[in-house]
Amino acid sequence: MSGEYLARLRHSKHDGANGGRPKKLLSHILKIVSLLDTGSSEEVDAAYRSFAKEVELFKFSMGKIQIIGDTSLREVEAYLELQEELKKEMLRTEEDIVKLKERVAHERVVRKNKEEYAALAKQVETLAPRKQTEKDRTVLVEQTSLLEEQTAKQTGTMELRKKQFQLLLHVVEELKKNCNQDEEPESAAPTLDSVTITSGAATVSPAVNPDVEMGEADP
C-alpha cells in the first residue's frame, strides 16, 4: 500500500462515512432555517443544540485528521531519511566489498608465496650443506686443473709425434727421389744406413740433406 492510500483511509475513518459529516451539518442548517418559520422556539433550540453538537464532532474529527496528517508527514520525512541512510549504507557496503575483494586477492598472493617458500625450503633441505658443497667444488677444481695439465701434456706429445711423422714422410720422399735419379752416382744416393730412427724420432745424416736438422722436442 502507498502512503497516499493510507492517509486517505485514515481521513475517511474520521470524516464520517467518506465525507458525510458536512452533509449532516448542511441538513441541520436547513432544518433550523425551516423551523425558524414554522417551528416553535423549543424545536429551534433543540435543532441548534444538535447542530452545535455536530459542529463540535466535526471539529474533533478535523483535529484528528490534522494530527494524522502531521503524523503522516513525519513518517514520510522519516522514510526519506531512512531511504537516504540506506543509500549511504549501500555505498559503504559496496566500498567494503571492494576492499574485501582486494584483501582476498592479497591474501591469495601471500598464501601462494608461502606455499612456494615451503616447497623451496623442503627442496633446500634435500641438498648438501654449504661446507660440503664448497669442499666438493674445491675437489672438482683440483681435478679440472689436473685434467688440463694432462691434456696439455698429451697435446704436446701429439704435436711431437706429428712433427716426427712429417719428418719421416719427408725423409721417405727424399729417398724415393734419390732412388729415381739413376743418372746420379751411387755414392750420392742416400742409403738406409744414413737414416737413423731413435725413440720415435727420425734423423738424417748430412750426406742426405744438410738443410734438414731435427731434435726431439720437449713434451
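Residues numbered from 1 in each chain as written. Predicted model: local features only at pLDDT ≥ 70, side-chain atom pairs only at ≥ 80, totals over all residues. Heavy atoms only, no water.

Novice: I'd like to hear about the overall build of the chain, residue by residue, with values.
Specialist: The secondary structure content of the chain amounts to 5 helices and 2 strands. Listing the helices and strands of the chain from first to last along the sequence gives α-α-α-α-α-β-β. Put simply, the chain has 219 residues, and 15% of those count as buried. Taking all contacts inside the chain whose residues are at least 6 apart in sequence as the whole, residues at least 24 apart take part in 59%. (Helix = DSSP H or I, 4+ residues; strand = E, 2+ residues; numbered from the N terminus. Buried < 20%, exposed > 50% of the residue type's maximum accessible area, 1.4 Å probe, protein only. Contact = heavy atoms within 4.5 Å.)

Novice: Run through helix 5 (residues 130-180), naming residues and quoting values.
Specialist: A rise of 1.5 Å per residue sets the reference length of helix 5, with its 51 residues, at 75 Å; its end C-alpha atoms lie 74 Å apart and thus fit the reference within 8%. Taken as a whole, helix 5 has its buried residues at Gly 156, Leu 160, Gln 164, Leu 167, Val 171, Glu 174, Leu 175 and Asn 178. (Expected span 1.5 Å × (residues − 1).)

Novice: A description of the nonpolar core should follow, citing residues and the corresponding values.
Specialist: Membership of the largest hydrophobic core is limited to 6 residues, which are Leu 25, Ile 32, Leu 35, Val 44, Ala 47 and Phe 51. When residues of this core are traced back to their parent elements, those giving at least two are helix 3 (21-38) and helix 4 (41-125). Look past the residues within four positions of Val 44 in its chain and what remains in contact with it is Leu 35 and Leu 36. (Core = buried A, V, L, I, M, F, W, Y, C linked by side-chain atoms within 4.5 Å.)

Novice: Describe the pattern of salt bridges, with residues and values.
Specialist: In total, this model carries 2 salt bridges according to the counting rule given. The salt bridge partner of Glu 85 is Arg 92, with a shortest N-O separation of 3.4 Å. The exposure class assigned to Glu 85 is partly exposed, which follows from its relative accessible area of 40%. Overall, Arg 92 belongs to the partly exposed group, its relative accessible area being 36%. For Glu 89, the salt bridge identified is with Arg 92, shortest N-O distance 2.5 Å. Of the two residues, Glu 89 and Arg 92 are both situated in helix 4; the distance of 3 residues between them amounts to about one turn of the helix. (Salt bridge = Lys/Arg side-chain N within 4 Å of Asp/Glu carboxyl O.)

Novice: Account for a nonpolar patch on the surface, naming residues and giving values.
Specialist: Together, Phe 165, Leu 168, Leu 169 and Val 172 make up a nonpolar patch on the protein surface, roughly 330 Å² of accessible area in all. Position of Phe 165 relative to the elements: it lies in helix 5. (Patch = residues over 30% accessible without salt bridge, like charges linked within 9 Å, V, L, I, M, F, W, Y side chains within 5 Å. Areas by Shrake-Rupley, 256 points an atom, 1.4 Å probe, with all protein chains shown as cover.)

Novice: I'd like a description of the confidence of the model for the chain, backed by residues and values.
Specialist: Residues of the chain with pLDDT of at least 70 account for 72%, and the chain-wide mean is 75. In this model, residues 14-18 is a region of pLDDT below 50 whose contacts with residues beyond four sequence positions or in other chains number 13 contacts. Contacts for the low-pLDDT stretch residues 187-219, under 50 throughout, to residues beyond four places or in other chains number 37 contacts. (pLDDT = per-residue confidence, 0-100.)

Novice: For helix 4, give the residues involved together with the corresponding values.
Specialist: For helix 4, spanning 85 residues, the distance from its first C-alpha to its last is 121 Å, which sits close to the expected 126 Å at 1.5 Å a residue. Of the positions making up helix 4, those classed as buried are Val 44, Ala 47, Phe 51, Glu 54, Ser 61, Ile 65, Ile 68 and Ser 72.

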